[in-house]
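For reference, the chains in residue letters:
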Amino acid sequence: MAHEPANPFNGLIQEPNLEGMEEIFELVAAGLYSLASMLVGEGEDSARLVEEAIASAQVSPCADPQNARRCSRRALAVSALKLLAARCPGCLDAPEGLTPATSCIEGDDLASAGISTGELERMISGTERERMREWLASLPTWMRTVFALRAVAGFNSAETAALLKLHGGPHAATWTPEAVSEVFRQGLCSLASQVLRSRE
C-alpha cells in the first residue's frame, strides 16, 4: 500500500490564535467607539459609525493591529465628519481670524501639555471619564473635532486639515495644517488646566 508523501510544511504552519484575534478586534472596536462618542456623542450614531468603519476598512480579526486601527479610524473620521456637517451645517468651518494666542504651551502635542498618552486614556475611559466628557462638551464643535482627530485618532495636522477640507462641509475648505495646529494647542491648554485642577 502506497504511503502518502510527508508534507514538508508540517510543523511550520501554526494554527491561528483565535482568542488573540478576538482580543485585537475588541480593542479596535472599543477604541473606535471612544473616538466616535467624542466626535458625535454617545448612542446609536456612534455604534453605527463603528460598524460602518469596520466594514468599510475591511477590518477582520486577522488584520495587523496597527494597520487595522489606522484604517478604521480614518474610515470612522470620514463618516463622523459627514454626519456632523449634515447635523449642524457650518459647525466645522475653520474659525475666522484665527491668530496664535498667548498659549500656556509651546508645542502642539500631549507631552507639551504635560499629559502622557496613558493619562489621556485614563481620562477618556477611567474615573475621570465624566469630567472629560463635560470638558469636551464645553468646546466648540470645530475645536472638539480637531482635538479628537489629533489626540485620540492620532492624525497629524496635515492629515486632520485634509479630512476637514474634504468632509467637513462646503465652507470647511479653508482649514490649513497651521490652523489645526493652533486650534489643537489651544485645546491642549484648556485640557492642561483641567488636569491641574484634578490633581489638586
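Owing to the predicted nature of the structure, the values given are computational and were not obtained by experimental measurement.

### Considerations on the packing of aromatic side chains
Argument step 1. On inspection of all chains with the given rule, the structure shows 2 aromatic pairs.
Argument step 2. For the pair Trp135 and Phe147, a centre-to-centre distance of 5.0 Å together with 80° between the ring planes defines the contact as edge-to-face. Note that Trp135 is positioned in helix 5 (residues 129–138) and Phe147 in helix 6 (residues 141–152), a separation of 12 residues in sequence.
Argument step 3. Given the relative accessible area of 4%, Trp135 is considered buried.
Argument step 4. By relative accessible area, which is 1% here, Phe147 ends up buried.

### Observations concerning helix 6
An α-helix turns once per 3.6 residues; consequently, residues spaced three or four apart project the same way.
Argument step 1. For helix 6, with 12 residues, the first-to-last C-alpha span of 15 Å sits near the 16 Å given by 1.5 Å per residue.
Argument step 2. Counting buried positions over the 12 residues of helix 6 gives 11, a clear majority of the element.
Argument step 3. When we look at burial in helix 6, the residues that qualify are Thr141, Met143, Arg144, Thr145, Val146, Phe147, Ala148, Leu149, Arg150, Ala151 and Val152.

### Some details on the side chain of Thr141
Argument step 1. Tracing the backbone through its elements, the reader meets Thr141 in helix 6.
Argument step 2. Apart from residues lying up to four places away in sequence, Thr141 is in contact with Leu84, Cys91 and Leu92.

### Observations regarding the packing of helix 6 against helix 7 (residues 157–167)
Argument step 1. In contact at an axis separation of 10 Å, helix 6 and helix 7 are set at 135° when each is read in the N-to-C sense. Classified by the angle between their axes, helix 6 and helix 7 sit oblique to one another. Seen from above, helix 6 lies across helix 7 with right-handed handedness. Here helix 6 contributes Thr145, Val146, Leu149 and Arg150 to the contact with helix 7, which in turn contributes Ser157, Thr160 and Leu164.

### Regarding the environment of Lys165
Argument step 1. Summarising the element assignment, Lys165 is placed in helix 7.
Argument step 2. Once the C-alpha coordinates of Lys165 and Asp93 are considered, the two residues, 72 residues apart in sequence, prove to be 8.9 Å apart.
Argument step 3. Residue contacts for Lys165: discarding those within four places in its chain leaves Ala172, Ala173 and Trp175.

### Regarding the environment of Arg144
Argument step 1. When you line up the elements, Arg144 lands in helix 6.
Argument step 2. Residue classification places Arg144 among the buried positions, given a relative accessible area of 15%.
Argument step 3. When the C-alpha atoms of Arg144 and Leu39 are compared, they prove to be 7.2 Å apart, with 105 residues separating the residues in sequence.
Argument step 4. Among the polar contacts made by the side chain of Arg144, one reaches the main-chain carbonyl oxygen of Leu136 at a distance of 3.5 Å.

Calculation notes
Residues numbered from 1 in each chain as written. Predicted model: local features only at pLDDT ≥ 70, side-chain atom pairs only at ≥ 80, totals over all residues. Heavy atoms only, no water. Phe/Tyr/Trp six-rings, centres within 6.5 Å; stacked < 30°, edge-to-face > 60°. Helix = DSSP H or I, 4+ residues; strand = E, 2+ residues; numbered from the N terminus. Buried < 20%, exposed > 50% of the residue type's maximum accessible area, 1.4 Å probe, protein only. Expected span 1.5 Å × (residues − 1). Contact = heavy atoms within 4.5 Å. Axes fitted to C-alpha atoms, helices over the stretch in contact; angles between N-to-C directions. Parallel < 35°, antiparallel > 145°, perpendicular 65-115°, else oblique. Left-handed = near helix turned anticlockwise from the far one by under 90°. Polar contact = N/O pair within 3.5 Å; in protein donor to acceptor, adjacent residues only side chain to side chain.

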